[in-house]
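# Architecture and fold: a report
Each chain, written out:
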Amino acid sequence: QLQLVESGGGLVQPGGSLRLSCAASGFTLDYYAIGWFRQAPGKEREGVSCITTGGRTNSADSVKGRFTISRDNAKNTVYLEMNSLKPEDTAVYYCGAGLDLSITASQAMCRVGRAYDYWGQGTQVTVSS
């Protein structure tokens, strides 16, 4: 019953904003690092932004200053606020949760997907005029 469920995706015009949510059930999110990843058609999955158990974050250069990751342990939920969206942000966005010390204790490696144990089903984000 360990599940992650993403929500909040949709169609938005360039320059617009969306907030994605990643809700966990069946486990205590407090102990996990959380990463947001995305995959566009014909491209490999890339790490977008991640957060350690201590709240340290790491974001890809392409989204720095535009995307903000945060966590609300009381709600067992992690968020990704996306602003100033660009067409190249179009992708399916996934959240992952992991217990590996390489990502729970340090943000340096938390955008590496293989470190994560659980994944959500993804939510589509489309940025288009």
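For the structure itself, look to the data block above.
Please read these numbers as outputs of a predicted model, since none were measured by experiment.

## Description of the pattern of salt bridges
Under the definition given, this model contains four salt bridges. Close ionic contact of R38 with D89 constitutes a salt bridge, the shortest N to O distance being 2.9 Å. Here R38 is found in strand β4 (residues 33-39), whereas its partner D89 is found in the loop between β8 (77-82) and β9 (91-98), with 51 residues between them in sequence. The exposure classification of R38 matches that of D89, with both residues buried. With its nearest N and O atoms 2.8 Å apart, the salt bridge here joins R66 to D89. With a gap of 23 residues between them, R66 in the loop between β6 (57-59) and β7 (67-72) and D89 in the loop between β8 and β9 connect regions that are remote in the sequence. Considered together, R66 and D89 belong to a single accessibility category, that of buried residues.

## Let's talk about the state of the cysteines
Summed over all chains, the structure comprises two disulfides. The residue that forms a disulfide with C50 is C110, at a sulfur-sulfur distance of 1.8 Å. Judged by the torsion about the S-S bond (70 degrees), the C50/C110 disulfide is right-handed. Placement of the pair is C50 in strand β5 (residues 46-51) and C110 in the loop between α1 (101-104) and β10 (118-119), with a sequence separation of 60 residues. Residue C50 shares its accessibility class with C110, and that shared class is buried. In the protein chain, numbering the disulfide-bonded cysteines from first to last in sequence yields the connectivity 1-3, 2-4.

## Thoughts on the packing of aromatic side chains
A ring pair, where both rings are aromatic, is described by two values, the distance of the centres and the angle of the planes. All chains considered together, the criterion is met by six aromatic pairs. Aromatic pair F37 and Y116: ring centres 5.3 Å apart, planes at 80 degrees, arrangement edge-to-face. Here F37 is found in strand β4, whereas its partner Y116 is found in the loop between α1 and β10, with 79 residues between them in sequence. For F37, a relative accessible area of 1% puts it in the buried group. Every member of this aromatic cluster is reached through a ring pair, and the members are F27, Y32 and Y118. Positioned over the ring face of Y79 is R19, at 4.4 Å from the centre of the ring.

## Some remarks on the sheet that holds strand β3 (residues 18-25)
In a beta sheet, neighbouring strands are held together by backbone hydrogen bonds and run either parallel or antiparallel to one another. The strand order β1-β3-β8-β7 describes an open sheet built from four strands, whose pairing is antiparallel. What marks the edges here is a single partner per strand, and that holds for β1 (3-7) and β7. Across the sheet, the axes of successive neighbouring strands diverge by a mean angle of 15 degrees, strand direction being ignored. Pairing analysis gives six bridges linking β7 to β8, with the strands arranged antiparallel. Residue F67 lies in a different strand from β8, and its bridge partner there is M82.

Rules of the game
- Residues numbered from 1 in each chain as written.
- Predicted model: local features only at pLDDT ≥ 70, side-chain atom pairs only at ≥ 80, totals over all residues.
- Heavy atoms only, no water.
- Salt bridge = Lys/Arg side-chain N within 4 Å of Asp/Glu carboxyl O.
- Helix = DSSP H or I, 4+ residues; strand = E, 2+ residues; numbered from the N terminus.
- Buried < 20%, exposed > 50% of the residue type's maximum accessible area, 1.4 Å probe, protein only.
- Disulfide = S-S within 2.5 Å.
- Phe/Tyr/Trp six-rings, centres within 6.5 Å; stacked < 30°, edge-to-face > 60°.
- Lys NZ or Arg CZ within 6 Å of the ring centre and 35° of its normal.
- Pairing = 2+ DSSP bridges.
- Axes fitted to C-alpha atoms, helices over the stretch in contact; angles between N-to-C directions.

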